[in-house]
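Topology and contacts: notes
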Amino acid sequence: MQVVVVAAIALIGAMVQWSMRHREPGAATAVDIFLVWWLAVAVGVGTALGAAAHLFDGPATAEMIGYTRGNGGFQFENAMGDLSIGIAGLMCIRFRGDFWLAVIVVLSVQFYGDGAGHIYYWLAEDNTKPGNIGPPLWLDFVIPTVAWGLYCASRRRNGDAVPPAGRWTSRRSG
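In this report, we go over the structure that sits alongside the text. (Residues numbered from 1 in each chain as written. Predicted model: local features only at pLDDT ≥ 70, side-chain atom pairs only at ≥ 80, totals over all residues. Heavy atoms only, no water.)

In this section: the overall build of the chain. Along the backbone of the chain there are seven helices and zero strands. Put simply, the chain runs from its N terminus to its C terminus through helices and strands in the order α-α-α-α-α-α-α. Counting across all 174 residues of the chain, residues that qualify as buried make up 35%. In the chain, of all internal contacts separated by at least 6 residues, the share reaching a separation of at least 24 is 70%. Roughly 10000 Å² of accessible area belongs to the chain as shown, and the carbon and sulfur atoms make up 65% of that amount. (Helix = DSSP H or I, 4+ residues; strand = E, 2+ residues; numbered from the N terminus. Buried < 20%, exposed > 50% of the residue type's maximum accessible area, 1.4 Å probe, protein only. Contact = heavy atoms within 4.5 Å. Areas by Shrake-Rupley, 256 points an atom, 1.4 Å probe, with all protein chains shown as cover.)

Time to look at helix 5 (residues 98-125). Given a rise of 1.5 Å per residue, 28 residues ought to cover 40 Å, and the 40 Å separating the end C-alpha atoms of helix 5 matches this to within 8%. For helix 5, every residue scored as buried is listed here: W100, V103, I104, L107, S108, F111, G115 and H118. Packing partners of the buried residues in helix 5 comprise helix 2 (30-56), helix 3 (58-65), helix 4 (74-91), helix 6 (130-133) and helix 7 (135-156). Where helix 5 ends, the next residue or the one after it, D126, has phi of about 55°, a positive value. (Expected span 1.5 Å × (residues − 1).)

Now for the packing of helix 5 against helix 7. Two elements in contact, helix 5 and helix 7, have axes whose closest approach is 8 Å; the angle formed by their N-to-C orientations is 155°. One element, helix 5, and the other, helix 7, form an angle in the roughly antiparallel class. Crossing angle aside, the handedness with which helix 5 passes helix 7 is left-handed. In terms of residue class, the contact of helix 5 with helix 7 is made up of 20 nonpolar, five polar and four charged. (Axes fitted to C-alpha atoms, helices over the stretch in contact; angles between N-to-C directions. Parallel < 35°, antiparallel > 145°, perpendicular 65-115°, else oblique. Left-handed = near helix turned anticlockwise from the far one by under 90°. Nonpolar A, V, L, I, M, F, W, Y, C, P; charged D, E, K, R; others polar.)

Moving on to the nonpolar core. Considering soluble globular proteins, one finds that nonpolar side chains tend to be buried as a cluster. Judged by nonpolar contacts, the single largest core of 27 residues is most densely connected at L35, W38, L39, V43, W100, L107 and I143. Counting only elements with at least two residues in this core, the list comes to helix 1 (2-21), helix 2, helix 4, helix 5 and helix 7. Those residues in contact with V43 that sit more than four places away from it in its chain are W38, I85, G86, G89, L107 and I143. (Core = buried A, V, L, I, M, F, W, Y, C linked by side-chain atoms within 4.5 Å.)

What follows is about unusual backbone geometry. Although it is not a glycine, D126 adopts a positive phi angle of roughly 55°. Relative to the helices and strands, D126 resides in the loop between helix 5 and helix 6. A positive phi angle, close to 60°, is found at N158, a residue other than glycine. For N158, the location among the structural elements is in the segment after helix 7.

Right, let's get into the side chain of H118. As for its position among the elements, H118 is in helix 5. One polar contact links H118 to D140, side chain to side chain, over a distance of 3.3 Å. Residues contacting H118, with those up to four places away along its chain left out, are I65, G131, N132, P136, L137 and D140. (Polar contact = N/O pair within 3.5 Å; in protein donor to acceptor, adjacent residues only side chain to side chain.)

Attention now goes to the environment of V5. Structurally, the position occupied by V5 is in helix 1. Among the residues examined, V5 registers a relative accessible area of 44% and is labelled partly exposed. Spatially, the C-alpha atom of V5 lies 8.9 Å from that of A42, the residues being 37 residues apart in sequence.

So, about the pattern of salt bridges. Enumeration over the complete set of coordinates arrives at three salt bridges. Linking E63 and K129 is a salt bridge whose minimum nitrogen-to-oxygen distance equals 3.1 Å. Residue E63 is located in helix 3, and its partner K129 is located in the loop between helix 5 and helix 6; the two are separated by 66 residues in the primary sequence. E63 gets classed as partly exposed once you look at its relative accessible area, which sits at 35%. (Salt bridge = Lys/Arg side-chain N within 4 Å of Asp/Glu carboxyl O.)

Below is the structure:
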């Protein structure tokens, strides 16, 4: 449930910032405001909270997902993956352009993979625990999909997702 609340905070924060700044000359576009809020709060804060759940309440978190042996090493490993994504998401406040792309790619691999795992254990083992087929499952698909949509919109509008001119790009030289 905390992930839903954090995603809602990201949307509300973006709406408030956009409503206060959209008439200013040179203000960021709505899509860029929503994207940075989504990456910093929904992704950054949300995955950092997920890491905290695995680190500090591992057995209860594992039980909620449907695993009865919640004291295994996977809790720490999963927490470090979540924490890494969370820190990168928070760094999106400062870094733009290709950095956002890198964060969204890593986020997508982790979250879409997690979502596929939830579906697999739902079908293969009839795991219907709320942490397996509830909000975590659906948000594993929603969070990166929203990030991709906002990122593509920002690129199309030549927004903050576009790397500054003269900076390193993925094109190979000579």
